[in-house]
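Structure assessment
Read off the chains here:
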Amino acid sequence: MAVDKKVLHGMIEQLSESDRQLAYGFLLHLLQRAKGHHQWWDELEEVSEEEALLTEQEKRQLQGDEGYVTGGDAKREFGLQIDLP
């Protein structure tokens, strides 16, 4: 069955950013498999699972100068009754 490239592009455009990352990894796998190469594992392993799950906003926040508040500090400051990570 022939698939129109425009249909594939449209499907990709509808994906969330995290799902696009998954689609990218899968398409890379298909291309490498077609070429007989399996180097895509090396490229996927360069990004940790935690980094892959972060949104762009979260990445900017981690790199920013706003500082970091521990769960314990937040618990004390806001009088929370639960333990935060």
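All of these numbers come straight from a predicted model, not from anything done at the bench. Each chain has its residues counted from 1, running along the sequence as written. Only residues with pLDDT of at least 70 are given local features in this predicted model, and only at 80 or more are side-chain atom pairs given and counted; all residues enter the totals for whole chains, interfaces and linings. Excluded from the side-chain calculation are hydrogens and water; included are all heavy atoms of the structure.

Quick notes on the overall build of the protein
We count a stretch as a helix when DSSP gives it H or I for four or more residues in a row; a strand needs E for two or more, and each element gets its number in order from the N terminus. A count of helical and extended segments in the protein gives six helices and zero strands. Reading the protein from its N end, one meets helices and strands in the order α-α-α-α-α-α.

Some points on the pattern of salt bridges
The term salt bridge refers to a pairing of a side-chain nitrogen on Lys or Arg with a carboxyl oxygen on Asp or Glu at a separation within 4 Å. Enumeration over the complete set of coordinates arrives at two salt bridges. Between Arg20 and Glu17 there is a salt bridge, and its shortest N-O distance comes to 3.8 Å. With Arg20 and Glu17 both in helix 2 (residues 17-35) and three residues apart, this pair spans about one turn of that helix. When accessible area is computed with a 1.4 Å probe and restricted to protein chains, residues below 20% of their type maximum are described as buried, those above 50% as exposed, and intermediate ones as partly exposed. Glu17 gets classed as partly exposed once you look at its relative accessible area, which sits at 45%. Of the charged contacts in the structure, one is a salt bridge between Arg76 and Asp73, with a shortest N-O distance of 2.5 Å. Of this pair, Arg76 and Asp73 both sit in helix 6 (residues 71-78), three residues apart, roughly one helical turn. According to the relative accessible area criterion, Asp73 is partly exposed, its value standing at 34%.

Some words on the environment of Arg20
Take Arg20: its relative accessible area is 32%, and that puts it in the partly exposed class. Within the structure, Arg20 has its side chain in polar contact with the backbone oxygen of Ile12 (distance 3.3 Å). Any pair of N or O atoms that falls within 3.5 Å is considered a polar contact. Within protein, one atom must be able to donate a hydrogen and the other to accept it, and sequence-neighbouring residues count only if both atoms are side-chain atoms.

Comments concerning helix 2
For a helix, the expected span equals 1.5 Å multiplied by the residue count minus one. For helix 2, built from 19 residues, the straight-helix expectation of 27 Å at 1.5 Å per residue is met to within 8% by its first-to-last C-alpha distance of 27 Å. Note on helix 2: the residue one or two positions beyond its end, Gly36, has a positive phi of about 85 degrees.

Observations concerning the environment of Gly71
Among the secondary structure elements, Gly71 is positioned in helix 6. Relative accessible area serves as the criterion here: at 8%, Gly71 is assigned to the buried category. Along the chain, Gly71 and Asp83 lie twelve residues apart, while their C-alpha atoms are 7.1 Å from each other.

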